[in-house]
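Per-entry structural report
Listed here are the chains, written in short residue letters.
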Amino acid sequence: MAACWKRILTIFVAAQVLLVVNAFEEEDVPEEWVLLHVVQGQIGAGNYSYLRLNHEGKIVLQMRSLKGDADLYVSDMTLHPSFDEYELQSVTCGQDIVHVPAHFRRPVGIGIYGHPSHLESEFEMKVYYDRTVVQYPFGEASYNPEEMEANQKYSQSTEDESQDEESVFWTILIGILKLILEILF
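This is a predicted model, so every value here is computed, not measured.

Enumeration over the complete set of coordinates arrives at 6 aromatic pairs. Measuring from centroid to centroid gives 4.8 Å for tyrosine 48 and tyrosine 113, while their planes differ by 40°, and the two rings are tilted. Here tyrosine 48, found in strand β2 (residues 48-53), pairs with tyrosine 113, found in strand β7 (residues 108-114); they are 65 residues apart in sequence, far enough to count as distant. Residue classification places tyrosine 48 among the partly exposed residues on the basis of a relative accessible area of 23%. Relative accessible area serves as the criterion here: at 10%, tyrosine 113 is assigned to the buried category. Where phenylalanine 83 meets tyrosine 113, the ring centres are 5.4 Å apart and the plane angle is 70°; that geometry is what we call edge-to-face.

What follows is the structure, given as structure tokens:
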């Protein structure tokens, strides 16, 4: 009878240990994040693996190197981002996280780079949709990158025009003053 209780107690303790270990392995992610995909892969030293992100909205890329060291590069300008050409990056030795803003053009290119310090790197990347609502203090459309760029170009062109007009004015004025000085002296 004692052997039976001992076996039950051993199984119970083992189950508790497994529950604690699993609890530590699970990442704490905000409730607003919805898991869309889990991607696992291997990458050789100095090589890239490329992925394409088509989901709209704010996206969070959370990558963990299971073996070696994989780095994360993201771009909305090229589908093959690298350590020379990227908009966002995360190059830590542990967990890499990149927040892809909603205004990035789709598709977004994702480059996973195997660091040369390891012959091979294994990674697991979780792709989350971020449902958090950002409260803009000056309204919903207070920041629009395309609109800001267009406004900057317009303001630069009006500044250039006013400088040209001012330059012509001063050139004529100086010419008249020179003429008056020549007549007087």
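Additional details are given in the paragraphs that follow.
Further remarks concern the sheet that holds β2. The pairing of strands in a sheet comes from backbone hydrogen bonds and takes either a parallel or an antiparallel form. Within the open sheet, the 4 strands sit side by side as β2-β7-β4-β5. Their pairing is antiparallel. The sheet is open, and its two borders are formed by β2 and β5 (88-90), each paired with just one other strand. Neighbouring strand axes in the sheet, compared pairwise and without regard to direction, differ in orientation by 15° on average. Bridge count between β2 and β7: 6 bridges; the pairing is antiparallel. Counted as the bridge partner of tyrosine 50 is glycine 111 from β7.

Our focus in this paragraph is the sheet that holds strand β8 (residues 120-130). Spatially, the 4 strands line up as an open sheet ordered β1-β8-β3-β6, and their pairing is antiparallel. Each end of this open sheet is capped by a strand with a single partner; those strands are β1 (33-44) and β6 (95-100). For this sheet, the mean inter-axis angle between neighbouring strands, taken without regard to orientation, is 20°. Bridge analysis of strand β3 (residues 59-67) against β8 gives 8 bridges, and the strand direction is antiparallel. Paired with methionine 63 across the strands is methionine 125, a residue of β8.

Rules used in this analysis
Residues numbered from 1 in each chain as written. Predicted model: local features only at pLDDT ≥ 70, side-chain atom pairs only at ≥ 80, totals over all residues. Heavy atoms only, no water. Phe/Tyr/Trp six-rings, centres within 6.5 Å; stacked < 30°, edge-to-face > 60°. Helix = DSSP H or I, 4+ residues; strand = E, 2+ residues; numbered from the N terminus. Buried < 20%, exposed > 50% of the residue type's maximum accessible area, 1.4 Å probe, protein only. Pairing = 2+ DSSP bridges. Axes fitted to C-alpha atoms, helices over the stretch in contact; angles between N-to-C directions.

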